[in-house]
Amino acid sequence: MGKSLKNYTLRHLAYILLIVVAVWAGLFYAFILDEVYDNVDDGLKNQKINIIRQAYIDSTVLQTREFGINQFRILPTDSLQKANIFSRQMIYMEYDDEMEPYRVLRTGFYAPDGHPYSLEIRTSTVEEDDFLINLTIALVVLYLLIVVTLFLVNNFVLEKALKPLKSLINDLQNYKFGSGLRIKPVNSMVSEFIILDQKIQEMIERNESVFLRQKQFIENASHELQTPLAITINKLDLLLENGELNEAQSTEIGETKRSLLRMVNLNKSLLMLSRIENRQFEEKETVSILAVTEEVAAELEEIIRFKDLTLHWDKREDFTLYANRNLIKILVSNLLRNAIRYNTEQGKIGISVDKNELCISNTSMLPPLNPVIIFERFYKYSSDNASSGLGLSIVESIIKTYPEVRLDYAYRDGQHVFSVSKNTSFPVPISFPNPF
């Protein structure tokens, strides 16, 4: 599942800040230590000058052989080292009862008597481990404060700034072509949101226009085809009743009539799809799914008996839906006709109704169907020429009209199972697989 823009940016900013603070901490630590040592070294060099100057005034200074209060010592040497050499040493400190870091300067000079001497000066310096710990604590606190600040900015500042975008996304999620609803204009001072809103409005207007023209074309074409088809079938019936045709001619005309009847059924199905998508079934009432299913089963009883099929009922509890009764009847009829059409000889049909689901199953020689394509228009798994390939597309269109229910297909125990059930994720939009 995707993350919100607010949380996405916050997470990545937190990661980037962590890296930046870590790099900055390393550079800051090195810079501060360098500055501390530079200041300490300057102090040691200045102290060196003072000690040598005092040695020229007071010769007893040359007898300082041990580090005392002044933290320096002078030792006679055979070879003079005039360069200043700095080093770091750990020296025991009685007060802390531990070894502490000291900065040590080693150099040399000539005494007034001309003899060379070695001078060592030391001074306590910063404890790097303690400094590092304190710096780390300070930076962790700083990092947490920055992240908390970013979180607050995201939740209060960006939340307000992104409010028009959220409103636009919400409208797009609830938008359906042909519903008559329009996306509300974005009320924002952000130019990117204004441009996005303008382009979406233009795109919707274009698509709505194309969508409506397409539906009107299908509806008009279907209406126009009805009359010539009916006239042609009537004329064929007259020819068959004439009695002057031989058997071969009668057979040919019969085949032609069946093809025309199939075209009539196809035309009716297309017209039905157009009416459903045009929301021409607006009247709603509380529909008993069990009562509708029993009514449809009674209408198809002769066909079920003719095909020698066994119908099994499992009536647990009524399933009610606030919908158009005619649409629900078409839905149940198409599913039940599907179960009859693609059944085996002496096969079985199961109808189960409970409080939240209608389930229709049937035996069949067909293997498990592909749930991705079985609801596509004009899709037919077998070579059944009598099928228009629109029955389940009509079912899908009806289900889309009522998002509080969903349609599922499954293959269980050698049977194809279609179920219409209450959609627990409503009002989240649903996607449909595809049956026969």
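Residues numbered from 1 in each chain as written. Predicted model: local features only at pLDDT ≥ 70, side-chain atom pairs only at ≥ 80, totals over all residues. Heavy atoms only, no water.

For the rest of this paragraph, the subject is the overall build of the protein chain. Helix and strand content of the protein chain: nine helices and eleven strands. A buried classification covers 36% of the 436 residues belonging to the protein chain. Put simply, 66% of the contacts in the protein chain that link residues at least 6 apart link residues at least 24 apart. As displayed, the protein chain has an accessible area near 26,500 Å², and 57% of this comes from carbon and sulfur atoms. (Helix = DSSP H or I, 4+ residues; strand = E, 2+ residues; numbered from the N terminus. Buried < 20%, exposed > 50% of the residue type's maximum accessible area, 1.4 Å probe, protein only. Contact = heavy atoms within 4.5 Å. Areas by Shrake-Rupley, 256 points an atom, 1.4 Å probe, with all protein chains shown as cover.)

A separate point is a nonpolar patch on the surface. There is a patch of nonpolar side chains on the surface, built from V148, F151, L152, V153, F156, V157 and L158 and spanning about 610 Å² of accessible area. Looking at the element boundaries, V148 is found in helix α2 (residues 128-161). (Patch = residues over 30% accessible without salt bridge, like charges linked within 9 Å, V, L, I, M, F, W, Y side chains within 5 Å. Salt bridge = Lys/Arg side-chain N within 4 Å of Asp/Glu carboxyl O.)

Taken in spatial order, the five strands of this open sheet run β6-β8-β9-β11-β10, and their pairing is mixed. Each of the sheet's edge strands pairs with one partner strand only, and the pair in question is β6 (310-315) and β10 (405-412). Averaged over neighbouring strand pairs, the angle between their axes works out to 15° when direction is ignored. Where β10 and strand β11 (residues 415-422) come together, eight bridges link them in antiparallel fashion. Looking at β11, one finds that R412 is bridged to Q415. Running at roughly 20° to strand β9 (residues 357-363), helix α8 (residues 325-341) makes contact with β8 (348-354), β9 and β11 of the sheet. (Pairing = 2+ DSSP bridges. Axes fitted to C-alpha atoms, helices over the stretch in contact; angles between N-to-C directions.)

Where helix α6 (residues 289-299) meets α8, the closest approach of the two axes is 9 Å, and the angle between their N-to-C directions is 55°. The pairing of α6 with α8 is recorded here as oblique in orientation. Like other packed secondary-structure pairs, α6 and α8 cross with a definite hand, here right-handed. Listed contacts from α8 to I289, V292, T293, E295, V296, A297 and E299 of α6 are R325, I328, K329, V332, S333 and L336. Tallied by class, the residues present in the contact of α6 with α8 amount to seven nonpolar, two polar and four charged. (Parallel < 35°, antiparallel > 145°, perpendicular 65-115°, else oblique. Left-handed = near helix turned anticlockwise from the far one by under 90°. Nonpolar A, V, L, I, M, F, W, Y, C, P; charged D, E, K, R; others polar.)

With 17 residues, α8 extends 24 Å between its outermost C-alpha atoms, agreeing within 8% with the 24 Å of an ideal straight helix rising 1.5 Å per residue. Within α8, twelve of the 17 residues are buried, which leaves it mostly tucked inside the rest of the structure. Those residues of α8 that sit buried are L327, I328, I330, L331, V332, S333, N334, L335, L336, N338, A339 and I340. Two to three positions downstream of the cap, the backbone nitrogen of N326 sits 3.0 Å from a side-chain oxygen, assigning the N-cap of α8 to N324. (Expected span 1.5 Å × (residues − 1). Polar contact = N/O pair within 3.5 Å; in protein donor to acceptor, adjacent residues only side chain to side chain.)

So yeah, pure geometry; function would need other evidence.
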